[in-house]
Amino acid sequence: MSIQRDVIVIGAGAAGLFCAAQAGKRGRKVEVLDHAKKVGRKILMSGGGRCNFTNMYAGPENFLSDNPHFCKSALSQYSQWDFIGLVAEYGIAYHEKTLGQLFCDESAKDIVNLLLSECNNAKVKVTTHCDIISVEKNAQGFTLHTSKGEYQCESLVVATGGLSMPKLGASPFGYQLAEQFGLPVKPTRAGLVPFTLHEQDKDVLAELSGVSVDASASCNNTSFNESMLFTHRGLSGPSVLQISSFWHGGDDVEFDLYPHGDLLEILKSSATKQPDANLSTILSQHYSKRMCSVLLAYFNLPNKPMKQFQGKQLEQVADAFHQWRIKPNGTEGYRTAEVTLGGVDTDYLSSKTMQAKNVDGLFFIGEVVDVTGWLGGFNFQWAWSSAWVAGQHV
Ligand code: FDA
């Protein structure tokens, strides 16, 4: 005897739980199945434990996809303001950290509790430790063979997320299921991920491990002006994570390490006002001493009195800091990536409902779809928006 449900959602993460609650509110009999032992594990880890649950300025321009228009419908049907309203309804205190990024004041647990409470109110059953063995389509909908028995449902929602952080339950299951039902999957790669460096760069720059600096990072006609962090493996911090999603193996990345001003003007005026001061003394008014000494050596710049810099030499110093070009060796990969770029081809999904165009009753939502947000709460907003939309139609 199979267990009968109107809707089965595979994946009890942000998108799956939120979608299940919406469908339950419409009176659908819903069960969420997850192979992990706990629900919402990425939510709990997110935003340093405080969950950057949305962004006040979220719009289609903050997402990467082979079809940049695809996300528009879901984002407008259920916007950041709708989710912020829900967070407020639950009395969860939150604050804007920077650039419209909203974080819980207390804990990411508040968001997981919100989702579980919404599911509970809508009589949604959530089952963990459930391995999905196979899925078949039949006249009534779908049959799922699982470690908890056989399920039969009319609508099946795939909310299994991407490949990042396999330790938190990530699996390629959603992509495999898409392919089983004839939906192509756009090539996947790690996004919002630190860069690793070639030995010759790493050997010198690792000395700056733990140092953070304002920097604009540019690659493939895109720039982000936030902070960057030197690590013992390479480069990280918001500017780097953001640009990593636009980077492909072999590309150079250009950093402006003095993004808010004109270093040449500063150096020229210092050469007049403090001619006997060394370059490192002038630069240490803007960077830490350690950073000055490591970067001067790394850029091969002489640390001599300002009056000794001739002709174009000051321009060379300014250019080294304003236009530092480096070729990363690679990224830290899915082990530390916050998201997975690529995923289920949006050409095969309805942007209004998230339903597969070629398979009635099959829906894909959240990160498994080829829609990836920038850093800053956009990925959760995509999870909420795509989930809400599917929740109205399953
Ligand atoms: P999600 O990955 O959340 O959930 C997928 C679920 O499917 C999991 O519970 C998993 O166990 C389950 N599953 C997978 N395979 C399965 C299978 N074969 N059978 C059954 N179940 C299966 N975003 C943001 O906007 N703000 C932030 O602050 C952060 N911070 C952040 C920190 C870290 C460390 C990471 C790794 C990621 C973030 N993100 C983020 C990204 C964000 O967490 C991510 O985009 C969403 O969680 C995606 O939601 P989904 O529900 O699509 O997948």
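How each quantity is defined
Residues numbered from 1 in each chain as written. Predicted model: local features only at pLDDT ≥ 70, side-chain atom pairs only at ≥ 80, totals over all residues. Heavy atoms only, no water. Helix = DSSP H or I, 4+ residues; strand = E, 2+ residues; numbered from the N terminus. Buried < 20%, exposed > 50% of the residue type's maximum accessible area, 1.4 Å probe, protein only. Contact = heavy atoms within 4.5 Å. Pairing = 2+ DSSP bridges. Axes fitted to C-alpha atoms, helices over the stretch in contact; angles between N-to-C directions. Near = heavy atom within 4 Å. Polar contact = N/O pair within 3.5 Å; in protein donor to acceptor, adjacent residues only side chain to side chain. Areas by Shrake-Rupley, 256 points an atom, 1.4 Å probe, with all protein chains shown as cover. Nonpolar A, V, L, I, M, F, W, Y, C, P; charged D, E, K, R; others polar.

Comments concerning the overall build of the protein chain
No. 1: Counting secondary structure elements, the protein chain contains 13 helices and 21 strands.
No. 2: Principal-axis analysis of the C-alpha atoms places the extent of the protein chain at approximately 85 × 40 × 35 Å.
No. 3: Among the 394 residues that make up the protein chain, the fraction classed as buried is 56%.
No. 4: The long-range fraction of contacts in the protein chain, counting pairs at least 24 apart against all pairs at least 6 apart in sequence, stands at 72%.

Examining unusual backbone geometry
No. 1: Unusually for a residue other than glycine, Cys 51 sits at a positive phi of about 55 degrees.
No. 2: With respect to the helices, strands and loops of the structure, Cys 51 is situated in the loop between helix H2 (41–45) and strand E3 (52–55).
No. 3: In the Ramachandran plot, Asn 300 falls in the positive-phi region, its phi being about 60 degrees despite a non-glycine side chain.
No. 4: By secondary structure assignment, the location of Asn 300 is in the loop between helix H11 (289–298) and helix H12 (313–322).
No. 5: With a relative accessible area of 69%, Asn 300 lands in the exposed category.

Notes on the sheet that holds E3
No. 1: Read across the sheet, 3 strands follow the order E3-E6-E5 without closing on themselves; strand pairing throughout is antiparallel. The open sheet has two edge strands with one neighbour each: E3 and strand E5 (94–96). Taken over all neighbouring pairs, the strand axes of this sheet differ in orientation by 30 degrees on average, direction set aside.
No. 2: Bridging between E3 and strand E6 (residues 101–104) involves 3 bridges; their strand directions are antiparallel. Considered in E6, the bridge of Thr 54 is made with Leu 102.
No. 3: Running at roughly 140 degrees to E3, helix H4 (residues 80–89) makes contact with E3, E5 and E6 of the sheet.

Digging into the site of the ligand
No. 1: Around the ligand lies a shell of 29 residues, among which Ala 15, Asp 34, Ser 171, Glu 367 and Phe 380 are the nearest.
No. 2: Between the ligand and Asp 34, the relevant distance is 2.5 Å, taken from an oxygen atom to a side-chain nitrogen or oxygen of the residue.
No. 3: For the ligand, an oxygen atom lies 3.3 Å from a polar atom in the backbone of Asn 379.
No. 4: Relative to its unbound accessible area of 990 Å², the ligand is 94% covered by the protein chains.
No. 5: The set of elements that each furnish at least two residues to the shell around the ligand consists of helix H1 (14–25) and helix H13 (378–391).
No. 6: Looking at the shell around the ligand residue by residue, the classes come out as 12 nonpolar, 13 polar and 4 charged.

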